[in-house]
Amino acid sequence: MTSTILFVDDEPDLEALILQKFRRQIRDGLVDIMFARDGVEALESLEQNPHVDMVVSDINMPRMDGLSLLAKLQEAEDKKATIIVSAYGDMSNIRTAMNRGAFDFLTKPIDFADLEATIEKTIRHIEMLREVRRRQMEAERAHAALSRHFSPELAKRLVAGGEGEGIEVQWRDVATIFTDITGFTSLVESAPPEMLGALLNEYVGGMTETIFAHEGTVAKIIGDAIQVLFNAPGDQPDYATRAVACAHDLDAWAQDFCARQRAVGVNFGTTRIGIHAGPALVGNFGGNRFFDYTAYGDTINIAARLEAANKHLGTRICASASVAKAAEHFQGRPVGDLILRGRSEPLRAFEPLPQEKFEAPRTAQYSEAFAKMEAGDVAAMPAFAALVGVHADDSLAGFHLKRLLNGAKGVRMKLE
């Protein structure tokens with residue numbers, strides 16, 4: 001790589017002398033040399049040629065001396081490595097130059113062997129700085145890309161470790177969450193763009209912070225929909241427990257957000273959440289130009305179907321049996337055996353409940369009524385009817401009562 005050097009000196013014969021001494025390096029393309037006669041001309045030349053790597057400047061010059069030039073160079077954002085040339089024994093100026101940021105100094109009369117060695121040393125220093133800046137920029141770009149998906153602490157660890165373990169595409173056991181907002185399409189069609197942008201940014205920002213608080217990975221954000229992964233890219237043995245806890249906190253945050261919007265007259269829809277656990281193909285699918293850490297497979301599809309099932313069930317969170325079984329101290333109530341869209345085999349689903357609701361008497365009443373329905377007991381209908389009569393807000397109990405009234409039997413149901 002060619003290094004460009006600007007010599008600043010008012011001596012008329014210096015230019016020819018320098019070109020003669022460095023003719024080999026110039027011929028081999030190692031250096032490119034420019035000249036200026038004083039500090040003012042040097043600053044004008046640097047403005048026109050920002051690619052200059054280093055400056056070699058005399059001190060005593062008309063209009064602007066070398067020390068004033070050095071001060072100007074140090075004020076610039078792109079500080080040029082500067083070698084100051086001074087009369088032999090002029091220690092006062094040499095000290096001033098070094099204090100103002102000169103990289104090195106030479107004395108007159110110039111020893112050209114010393115000049116060449118000093119320039120080579122300075123070029124090595126410049127190349128080292130370039131490499132440091134290049135690596136810093138790469139790290140910043142990597143951190144920016146990783147921060148879209150991972151919590152700040154995890155992003156830092158992945159940047160520090162290079163590509164990071166688990167970034168490559170691989171099969172992993174994961175827990176995944178899908179979230180979506182009811183009626184969001186209608187809101188898009190009716191809300192002013194500036195209001196919709198502010199709403200969605202605040203919503204996604206709050207949901208993402210909640211996910212990162214549980215050390216979850218944001219695999220995708222598509223409009224109002226968010227896909228979350230646990231146990232990827234790093235190992236999280238308690239990934240199912242984390243997913244359930246995260247879903248509860250997402251639900252609480254979204255409910256509070258809806259309430260705040262309703263208070264100012266905005267009808268922001270309810271957030272529905274689906275959770276499933278199983279194997280998935282996980283990694284960076286962005287190719288060489290983009291970083292897109294996400295997951296594919298049946299596990300991901302089931303979580304998305306469970307999110308959509310909430311619409312039929314009247315619930316806000318729906319989790320699969322694999323999640324309920326793997327999560328420590330899972331608290332919830334059975335929904336039934338769902339035959340999800342695109343599937344032929346039933347999947348047992350649960351509604352995760354916060355502790356106070358799980359311990360409430362009506363949860364035990366619901367479980368008793370569900371057990372009767374599962375056993376084909378005709379007493380299931382009055383049991384659900386009594387539950388709905390006392391707790392009119394229990395949408396899931398109301399859903400099962402409606403099924404029984406329509407002649408449904410058992411707990412298996414097909415959802416389209």
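The structure under discussion appears in the preceding block.
Residues numbered from 1 in each chain as written. Predicted model: local features only at pLDDT ≥ 70, side-chain atom pairs only at ≥ 80, totals over all residues. Heavy atoms only, no water.

A.B. asks: How would you summarise the packing of aromatic side chains if you had to cite specific residues and measurements?
C.D. replies: By the definition in use, this model includes 9 aromatic pairs. Consider the rings of Y203 and F257, whose centres lie 5.8 Å apart with planes at 55 degrees: the pair is tilted. Separated by 54 residues along the polypeptide, Y203 in helix α9 (residues 193–213) and F257 in helix α10 (residues 239–263) bring together distant segments of the chain. Accessibility classification places Y203 together with F257 in one group, the buried group. Measuring from centroid to centroid gives 6.2 Å for Y366 and F370, while their planes differ by 25 degrees, and the two rings are stacked. Here the residue Y366 and the residue F370 both occupy positions in helix α14 (residues 361–374), the gap between them amounting to 4 residues, near one helical turn. In this pair, the class of Y366 matches that of F370, namely buried. Taken together, the aromatic side chains of Y203, W253, F257 and F268 make up a single cluster linked through ring pairs. (Phe/Tyr/Trp six-rings, centres within 6.5 Å; stacked < 30°, edge-to-face > 60°. Helix = DSSP H or I, 4+ residues; strand = E, 2+ residues; numbered from the N terminus. Buried < 20%, exposed > 50% of the residue type's maximum accessible area, 1.4 Å probe, protein only.)

A.B. asks: Can you break down the nonpolar core residue by residue, with the values?
C.D. replies: One broad rule of soluble globular proteins: the nonpolar side chains tend to lie buried together. In this structure, I177, Y203, I211, F230, F268 and I275 are the most contacted members of the largest nonpolar core, which totals 41 residues. Listed by contribution, the elements that provide at least two residues to this core are β6 (170–181), α8 (184–190), α9, β8 (225–230), α10, β9 (271–284), β11 (317–320) and α12 (321–326). For this core, the element with the most residues is α10, which contributes 11 residues. F230 has contacts with D173, V174, A175, I177, H214, E215, G216, Q236, Y239, R242, A243 and C246, leaving out every residue within four places of it along the chain. In this structure, C318, V335, A349 and M373 belong to the second largest nonpolar core, which totals 25 residues. (Core = buried A, V, L, I, M, F, W, Y, C linked by side-chain atoms within 4.5 Å. Contact = heavy atoms within 4.5 Å.)

A.B. asks: Tell me about unusual backbone geometry, residues and numbers included.
C.D. replies: Looking along the chain, the bond that leaves K108 and enters P109 is cis, with omega of -5 degrees. Inspection of the secondary structure assignment puts P109 in the loop between β5 (104–108) and α6 (112–147). For the bond from A232 to P233, the omega torsion is 10 degrees, close enough to zero to count as cis. Here P233 shows up in the loop between β8 and α10. One non-glycine residue, R63, lies in the positive phi region at around 65 degrees. Note that R63 resides in the loop between β3 (54–58) and α4 (66–75).

A.B. asks: Could you give an account of the state of the cysteines, naming the residues involved and the relevant values?
C.D. replies: Following the criterion strictly, the structure yields 0 disulfides and no others. Not part of a disulfide, C318 finds its nearest cysteine sulfur in C246, a span of 17 Å. (Disulfide = S-S within 2.5 Å.)

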